[in-house]
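Residue strings, one per chain:
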Amino acid sequence: MEFQEISDDLKVHPGEYILHKPSQQIVLCGAFKKKEGTIKVLANGRLMEDKIENFQKINLNSKERRKKVISRCKGCRG
């Protein structure tokens, strides 16, 4: 797992997990406000907003991405 600084050409999409550097928590992005220079996130069940500089994007390699995939229930398969 690698972390990448969020620059002007890099965009964070709502629903994406990112790292909040001051609290060292992985949080869920809710809104990316480039004009205002802030990102609104969900952290520990609370909504918070902070500067873009305080976040880093998470990059997963192919092996880590494969581990994350979980199969679905096969009970209704006919």
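Structural data are supplied above this passage.
Every residue gets a number counted from 1 within its own chain, in the order that chain's sequence is written. Selection of residues for local features in this predicted model requires a pLDDT of at least 70, selection of side-chain atom pairs for listing and counting requires 80 or more, and totals for whole chains, interfaces and linings are taken over all residues. Side-chain measures here rest on the full set of heavy atoms in the structure, leaving out hydrogens and waters.

Engineer: Please clarify how the side chain of threonine 38 should be interpreted in this entry.
Structural biologist: In DSSP terms, a helix is any run of H or I states spanning at least four residues, a strand is any run of E spanning at least two, and both are numbered starting from the N terminus. Here threonine 38 lies in strand E4 (residues 38-43). You can call threonine 38 buried: its relative accessible area is 15%. A polar side-chain atom of threonine 38 sits 2.9 Å from a polar atom in the side chain of glutamate 49. The contact rule is simple, with two residues in contact once any of their heavy atoms fall within 4.5 Å. When sequence neighbours within four positions are dropped, the list of residues in contact with threonine 38 reads Ala31, Phe32, Lys33, Glu49, Asp50, Lys51 and Ile52. Exposure is judged per residue with a 1.4 Å probe applied to protein chains only, and the accessible area is read against the type maximum: over 50% gives exposed, under 20% gives buried, and values in between give partly exposed. For this analysis, a polar contact is any N or O atom pair within 3.5 Å, provided that within protein one partner can donate a hydrogen and the other can accept it, and provided that sequence-adjacent residues contribute only side-chain to side-chain pairs.

Engineer: I would appreciate a short explanation of the pairing of strand E6 (residues 55-59) in the present structure.
Structural biologist: For a regular strand, side-chain orientation follows a simple rule: the groups alternate between the two sheet faces. Counting buried residues along E6, 4 of its 5 residues qualify, which places the element largely inside the surrounding structure. For strand E2 (residues 17-20) and E6, the ladder comprises 3 bridges, and the chain directions are antiparallel. Paired with isoleucine 18 across the two strands is lysine 57, which belongs to E6. Two strands pair under a simple rule: DSSP has to find at least two bridges between them.

Engineer: Looking at this model, I keep getting lost on the pattern of salt bridges. Mind explaining?
Structural biologist: It is possible for side chains bearing opposite charge to pair when their charged atoms get close. The term salt bridge refers to a pairing of a side-chain nitrogen on Lys or Arg with a carboxyl oxygen on Asp or Glu at a separation within 4 Å. The full count for this structure, using the stated rule, is 3 salt bridges. A salt bridge links lysine 21 to glutamate 5; the shortest N-O distance between them is 3.4 Å. In this pair, lysine 21 sits in the loop between E2 and strand E3 (25-33) while glutamate 5 sits in strand E1 (residues 2-5), placing the two residues 16 residues apart along the sequence. A relative accessible area of 26% places lysine 21 in the partly exposed class. The partner of glutamate 16 in a salt bridge is lysine 57, with the nearest N and O atoms 3.5 Å apart. With glutamate 16 in the loop between E1 and E2 and lysine 57 in strand E6, the pair connects residues that are 41 residues apart, well separated along the chain. Comparing glutamate 16 with lysine 57 shows no difference in burial state: the two are buried.

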